[in-house]
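Now for the letters of each chain:
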Amino acid sequence: MNVKKILALALAALMVLAMAACGGNNNGGNTSTPASNGGNNASEPGTTGEPTIADEFSVQIGPNPETLDPALNSAVDGGNMLVTLFETLLIIDENLEVKPGQAESYTVSEDGLTWTFTMRDGLKWSDGTDLNAKDFEYTFKRLADVNLAAPYGETVVGMVDGYQDAIGNPDKDGNMTTEPDIEKLNVKASDDGKTLTVILSYPCPYFDKLVAFGTMSPVQKATVEANGDAWATTPATYVCNGPYMISEWTPSERIVVKKNPNYSGGWDSSRIVTDTINFLLLEDSSASFAAYNSGTAVMIKDVPTEEIPSLTKVEDGGDFYVDTILGTYYLSMNLNKAPFNDVNVRKALNLAIDRDYIANVIMQGTYSPAYNFVGPGVSDASGMFFDNAKSANGGKTYISEDYEENKKLAQEALAAAGYPNGEGFPTITYSTNDAGYHVAVAEYLQSAYKEVLGITMNIDRVEWASFTPMRRAGDYEMSRNGWVMDYNDASNMIELLYSTNGNNDGKYNSASFDAAIDSSRCADQGDHFKFLHNAEKIMMEDYACIPVAYYNDFWLQSPSLKGSWHSPYGYWFFQYAYVEE
């Protein structure tokens, strides 16, 4: 039977079951609106008709985080914790505007190269010790430490003067000609710790957004050096500087955070009114759903996909939210391994799948089909990056929306690679974690590749705690991947494929692509985006990865939860959150 018919019947059966089941928290219309959808709820503590506020509440935003070391985290679930536990020099508020954080102000030189941050007075770590610009100098230089191998290191400090000397200078064969020296990174705190000066090697107009990114959260030198990697694994040594601090940590169960009595910074302390937030570490969406329906959790990120047809969206008076985020669900192929080192194989694997079917049937319309790498909503020098990419490509996306034609081209490409009708093609293994739509997508890929190309794909289910380290280490053949942008500049997506980027899981290495990225690192905005478009075109024509769908976040949230908001970068902010009793 045709793969689409098989999956459609299976999904229809799931929908029938879901319609008969209890669908969501049956407690009326949701009047709490995230800021990204129109602002905070008007009724807040301290206003007329002040509500009774619960001392604590529980939410589920993901399973066990791989790490809560800001420098090593590269996952959204970890990032969601970091925005609650730390504060960067600058912050992104509920209106998506850059605001002062630990720095009360900053200046930028006329040439765009010198950024000077003036720190607030009286800053403290959660353990009560003083915090100042010297802590940020240490943090920035730590990100450039090759021994740490921070995944975002090059992304966040690669534009700082002295970065190449900080990581070492290789010759044309990759042999180091100078030893790495992080002290070469041109970041300097004043003697009194009041100011931090950062010198860039080229103007970076979005550097303010970078320093507001969770990876740039300060870490305490004494604690890190005394405890090594273990500093970020237990409440006793987890020193932070945000509105909340960890008081309890039970892996696979919960992380409990309490108000940080030593906090001062960019968030309004008078609006931080909840004493305790319990982050439930649940990987199984059914367990999350049960916690929500029982009232244990007032918000869950992981909603069982089979329940979605029975849920009522918030705009229709329900408690089911769907909100656009800037990101792409894609597949990585390990380009260091055969047969993925053959561009025709990559082309065949790219074109053999029906993205519209994946997004609108398997993903039930909660995602959108992806035919370019960078999706809608990302800004360009003028207009939107996605729209301008289509215009430059004759009004078409890089991957055609005509699936019937794509299938023919996929078969031709596989034959050109030497595997007509899949003959002689090795069995490949696709790795995925067991959450959301991931397994259903994997099963579709397995069937589509067999039906269209005549090849066999096995599915390897990997638990979340092991999944991203495995992928980053290149210990896979083909794998689910995805990226939610950290700031609104197409470089944040496209630079993932740069040869030395710590998040280049597919190990793509193209001299022309790297050259385009290098050229994009310039002051002129027009040239910046022109070269980013060139880079996207190169990697799409190389079929360097397989874009599948553009992300949306969807979640269940009780009407009793007020003051939280969701950002297009995939984060939930609970600084001002509270539950009315």
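A few words on the side chain of Asn73. For Asn73, the position within the fold is in the loop between β1 (56-62) and α2 (76-85). The exposure class of Asn73 is buried, given its relative accessible area of 7%. A polar contact is formed between the side chain of Asn73 and the backbone oxygen of Ala75, at a distance of 3.1 Å. Beyond its immediate sequence surroundings of up to four residues, Asn73 is in contact with Thr67, Gly78, Gly79, Leu82, Tyr152 and Thr215.

Our next topic: the sheet that holds strand β6 (residues 187-189). Pairing in this open sheet of 4 strands is antiparallel, and the strands run β4-β5-β7-β6 from one edge to the other. Each edge of the open sheet is held by one strand with a lone partner, namely β4 (103-108) and β6. Pairwise comparison of adjacent strand axes, ignoring direction, gives a mean angle of 15° for this sheet. Here 5 bridges tie strand β5 (residues 114-119) to strand β7 (residues 195-199), and the two strands are oriented antiparallel to one another. Bridging from a neighbouring strand, Trp115 pairs with Val198 of β7. Packing of helix α3 (residues 133-143) onto the sheet brings it into contact with β5, β6 and β7, and relative to β6 it is tilted by some 160°.

Attention now goes to the environment of Asn509. Structurally, Asn509 is set in the loop between α15 (491-494) and α16 (511-520). Under the relative-accessibility criterion, Asn509 is labelled exposed at 62%. Sequence-wise, Asn509 and Asp268 are 241 residues apart; in three dimensions their C-alpha atoms are separated by 46 Å. When sequence neighbours within four positions are dropped, the list of residues in contact with Asn509 reads Ser499 and Asp514.

We now examine the nonpolar core. Judged by nonpolar contacts, the single largest core of 170 residues is most densely connected at Phe140, Phe207, Tyr449 and Phe574. Setting aside its immediate chain neighbours within four residues, Phe140 contacts Leu89, Val157, Leu185, Val187, Leu196, Val198, Phe207, Val211 and Met216.

Below, the discussion takes up the side chain of Asp77. Among the structural elements, Asp77 can be located in helix α2. Although buried, Asp77 forms no salt bridge, and the nearest oppositely charged side chain, Lys301, lies 6.7 Å from it.

What follows covers the packing of helix α12 (residues 403-416) against helix α13 (residues 438-453). Running from amino to carboxyl end, α12 crosses α13 at an angle of 70°, the nearest separation of the two axes being 10 Å. Comparing their axes, α13 and α12 come out roughly perpendicular. Packed against α12, whose contacting residues are Tyr403, Lys407, Ala410, Gln411 and Leu414, the element α13 presents Tyr444, Val452 and Leu453 at the interface. Here the residues of the contact of α12 with α13 are counted per class, giving 6 nonpolar, 1 polar and 1 charged.

Attention now goes to the pairing of strand β9 (residues 254-259). As paired strands, strand β8 (residues 244-250) and β9 are joined by 6 bridges and run antiparallel to one another. By the bridge assignment, Met245 is partnered in β9 with Lys258. Counted between consecutive antiparallel strands, the loop separating β8 from β9 contains 3 residues, among which Ser252 sits at a positive phi close to 65°. Sheet topology places β9 next to strand β10 (residues 276-281); 5 bridges connect them, and they run antiparallel. Along β10, the bridge assignment pairs Val257 with Ile277.

Following Ala338, the chain continues to Pro339 via a peptide bond in cis, the omega torsion being 10°. Here Pro339 shows up in the loop between β12 (320-333) and α9 (343-351). You will see that Ala149, though not glycine, has its phi angle at about 55°, which is positive. Overall, the relative accessible area of 52% leaves Ala149 in the exposed class. Unlike most non-glycine residues, Ser252 shows phi in positive territory, near 65°. Relative to the assigned elements, Ser252 resides in the loop between β8 and β9.

Right, let's talk about the pattern of salt bridges for a bit. Under the criterion given, the structure shown has 18 salt bridges. Between Arg142 and Asp69 there is a salt bridge, and its shortest N-O distance comes to 2.6 Å. Of this pair, Arg142 sits in helix α3 while Asp69 sits in the loop between β1 and α2; the two residues are 73 residues apart in sequence, bridging distant segments of the chain. The exposure class assigned to Arg142 is buried, which follows from its relative accessible area of 9%. Of the residues examined, Asp69 reaches a relative accessible area of 2% and is grouped as buried. Where Asp505 meets Arg471, a salt bridge forms, and the shortest distance between an N and an O atom there is 3.0 Å. In this pair, Asp505 is assigned in the loop between α15 and α16 and Arg471 in helix α14 (residues 464-472), connecting sequence segments 34 residues apart. With relative accessibility at 7%, the residue Arg471 sits in the buried group. Through salt bridges that share partners, Glu104, Asp121 and Lys194 make up one connected network.

Bringing α2 into the picture now. Among the 10 residues that make up α2, 9 are buried, leaving the element largely enclosed by the rest of the structure. Within α2 the residues assigned to the buried category are Asp77, Gly78, Gly79, Asn80, Met81, Leu82, Val83, Thr84 and Leu85. Buried positions along α2 lie against β1, β8, β9, β10, α14 and β20 (572-573).

Criteria and thresholds
- Residues numbered from 1 in each chain as written.
- Predicted model: local features only at pLDDT ≥ 70, side-chain atom pairs only at ≥ 80, totals over all residues.
- Heavy atoms only, no water.
- Helix = DSSP H or I, 4+ residues; strand = E, 2+ residues; numbered from the N terminus.
- Buried < 20%, exposed > 50% of the residue type's maximum accessible area, 1.4 Å probe, protein only.
- Polar contact = N/O pair within 3.5 Å; in protein donor to acceptor, adjacent residues only side chain to side chain.
- Contact = heavy atoms within 4.5 Å.
- Pairing = 2+ DSSP bridges.
- Axes fitted to C-alpha atoms, helices over the stretch in contact; angles between N-to-C directions.
- Core = buried A, V, L, I, M, F, W, Y, C linked by side-chain atoms within 4.5 Å.
- Lys, Arg positive; Asp, Glu negative; His and termini not counted.
- Salt bridge = Lys/Arg side-chain N within 4 Å of Asp/Glu carboxyl O.
- Parallel < 35°, antiparallel > 145°, perpendicular 65-115°, else oblique.
- Nonpolar A, V, L, I, M, F, W, Y, C, P; charged D, E, K, R; others polar.

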